[in-house]
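Remarks on the overall topology
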Amino acid sequence: MKHGHVQALFGSAVRLQRKQRGLSQTELAVRSGLHRTYISDVERGARNLSLQSIAVLAEALQVSIPALFLQAGTEPQTPRRRN
């Protein structure tokens, strides 16, 4: 698995959790103490997060750290083509 791919999957998990809670990026930034552009970069998969930032995001989203990684590890299955 490529490094950027992991970042993109994790960012998708953060975005999904944020949207499920009805939070904007700005609201998540305020809750976490992180800058809004940082949140945006995380969700786009453009940030290599520190463990501390991951913990802060999980706390702000009120989910466990493993929950974010488990969700990030699940990719939608693409249908296979029939030949």
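This structure is a prediction, so every number in the text was calculated from the model and none was measured. (Residues numbered from 1 in each chain as written. Predicted model: local features only at pLDDT ≥ 70, side-chain atom pairs only at ≥ 80, totals over all residues. Heavy atoms only, no water.)

It is worth spelling out helix α3 (residues 36–44) at this point. Within the sequence span of α3, burial applies to Y38, I39, S40, D41, V42 and E43. In the segment just after α3, G45 is the residue with positive phi, at about 80°. (Buried < 20%, exposed > 50% of the residue type's maximum accessible area, 1.4 Å probe, protein only. Helix = DSSP H or I, 4+ residues; strand = E, 2+ residues; numbered from the N terminus.)

The residue V30 is located in helix α2 (residues 25–32) in this model. For the pair V30 and A60, spaced 30 residues apart in sequence, the C-alpha separation works out to 8.9 Å.

So, about the packing of aromatic side chains. Applying the stated rule across the entire model yields one aromatic pair. Measuring from ring centre to ring centre gives 5.1 Å for F10 and F69, while their planes differ by 40°; the resulting arrangement is tilted. Note that F10 is positioned in helix α1 (residues 3–20) and F69 in helix α5 (residues 65–72), a separation of 59 residues in sequence. Residue class for F69 comes out partly exposed when judged on its relative accessible area of 41%. (Phe/Tyr/Trp six-rings, centres within 6.5 Å; stacked < 30°, edge-to-face > 60°.)

Axis separation between α2 and helix α4 (residues 51–61) bottoms out at 9 Å; the angle between their running directions is 110°. Relative to α4, the element α2 lies roughly perpendicular. Relative to α4, the crossing made by α2 is right-handed. On the side of α2, the interface is formed by L28, R31 and S32, while α4 contributes V56, L57, A60 and L61. For the contact of α2 with α4, the class distribution of residues is five nonpolar, one polar and one charged. (Axes fitted to C-alpha atoms, helices over the stretch in contact; angles between N-to-C directions. Parallel < 35°, antiparallel > 145°, perpendicular 65-115°, else oblique. Left-handed = near helix turned anticlockwise from the far one by under 90°. Contact = heavy atoms within 4.5 Å. Nonpolar A, V, L, I, M, F, W, Y, C, P; charged D, E, K, R; others polar.)

Examined against the element boundaries, S53 turns out to sit in helix α4. Apart from residues no more than four positions distant in its own chain, S53 is found in contact with L34 and Y38.

Let us look at the confidence of the model for the chain. Low-confidence regions, as indicated by low pLDDT, have predicted coordinates that should not be scrutinised in detail. Put simply, the chain has an average pLDDT of 86, and 82% of its residues get 70 or more. Highest mean pLDDT in the chain belongs to α2 (98); lowest belongs to α5 (85). With pLDDT under 50 throughout, residues 76–83 is counted as low confidence; its partners more than four residues away or in other chains account for zero contacts. (pLDDT = per-residue confidence, 0-100.)

Ranked by size, the top nonpolar core spans 17 residues in total, and within it V14, L28, L49, L57, L61 and L68 carry the most contacts. Breaking this core down by element, the ones donating at least two residues are α1, α2, α3 and α4. Ranked by residues supplied to this core, first place goes to α4 with five residues. Those residues within four positions of L28 in sequence are excluded, and the remaining contacts are V14, R18, I39, L57, A60 and L61. (Core = buried A, V, L, I, M, F, W, Y, C linked by side-chain atoms within 4.5 Å.)

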